[in-house]
Amino acid sequence: MEIVVTGRNTEVKGSFRAHVEDKLAKIEQFAPHTQRVEVEITHEANPSQVETSERIEITVRDKGPVVRAEASASDKYGALDLAAQKLFERLRRKHEKKKNRRKGDRREQPVADLPIEELLAKPAPEPEPEDERRVPAEVGEAVESQLGDSPAVVRQKLYEAKPMSVEQAIDEMELIGHPFYLFIDEETKQPCAAYRRRGWTYGVIRLDATTSDYGPGAES
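This report concerns the structure included in the present document. What you are looking at is a predicted structure, and each value in this text was computed from that prediction instead of being measured.

When you go through the protein chain residue by residue, the secondary structure sums to five helices and 10 strands. For the protein chain, contacts bridging at least 24 residues in sequence account for 39% of all contacts bridging at least 6. Counting every atom, the protein chain has about 14,300 Å² of accessible surface; 50% of that belongs to carbon and sulfur.

On to the sheet that holds strand E3 (residues 54–61). The sheet built from four strands is open, its strands ordered E1-E2-E3-E4 with mixed pairing. The two strands at the open ends of the sheet, each matched to only one other strand, are strand E1 (2–8) and strand E4 (67–73). Adjacent strand axes in the sheet meet at a mean angle of 15° when their direction is disregarded. Both E3 and E4 contribute to a ladder of seven bridges, which runs antiparallel. For Glu 57, the partnering residue across the bridge sits in E4 and is Glu 70. Its contacts with the sheet place helix H1 (residues 14–24) against E1, strand E2 (36–43) and E3, and it is angled at close to 135° to E1.

Once that is clear, we can look at helix H5 (residues 166–176). For H5, a buried count of eight out of 11 residues is recorded, marking the element as mostly surrounded by other parts of the structure. Listed as buried for H5 are Ala 169, Ile 170, Asp 171, Glu 172, Met 173, Glu 174, Leu 175 and Ile 176. The positive-phi residue at the C-terminal boundary of H5 is Gly 177, with phi of around 80°.

A few words now on the environment of Arg 17. Here Arg 17 lies in helix H1. Using a relative accessible area of 33% as the deciding quantity, one classes Arg 17 as partly exposed. When the C-alpha positions of Arg 17 and Val 4 are compared, they lie 8.9 Å apart, and in sequence the two are 13 residues distant. Apart from residues no more than four positions distant in its own chain, Arg 17 is found in contact with Val 5 and Val 12.

The rules behind these values
- Residues numbered from 1 in each chain as written.
- Predicted model: local features only at pLDDT ≥ 70, side-chain atom pairs only at ≥ 80, totals over all residues.
- Heavy atoms only, no water.
- Helix = DSSP H or I, 4+ residues; strand = E, 2+ residues; numbered from the N terminus.
- Contact = heavy atoms within 4.5 Å.
- Areas by Shrake-Rupley, 256 points an atom, 1.4 Å probe, with all protein chains shown as cover.
- Pairing = 2+ DSSP bridges.
- Axes fitted to C-alpha atoms, helices over the stretch in contact; angles between N-to-C directions.
- Buried < 20%, exposed > 50% of the residue type's maximum accessible area, 1.4 Å probe, protein only.

Put into structure tokens, the structure is as follows:
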């Protein structure tokens, strides 16, 4: 299992890298086929965010869906502890779900609510020094651009859209820790968005649209 540690706006010392490797060694207990673990450490220099100035995001990549967790704290060690705790719980749920499916039990396991504030806590990126807006052309590419004359910045990223069932989309959403997930329904071929509602309920928004509906000359 390869563990890659990178820093944004911060220096990652060897002692902390060693601490990360020791802390995340437990991953193999829940995901023995893990190939790569990516740990990104981000420092927020804004004095008003001193309590959450250190953010750590952990991404586990193996043969199955990506599992991700992130957390913020006033120091790297605290942020790592929080992020690792979330990650281990998601890996445990994934491991238990696999065992239940092998036994023929496909009942959903309860999951904890995740506040959307975690997704909104990331610092706003600096706009690109260019006038024309661009869109990502390759899978995995991210592009940031300023929204007109306003100070708002739009970040666009291109993902590979694999057709899947609603159940698979909800599983993917829970594993990466987001309150929503975009996917293509394998049965209807419709673009869809799965999202979390109150309690243990979910919702799915479907778009009744095809690319040809919005081609040149199409009516709005």
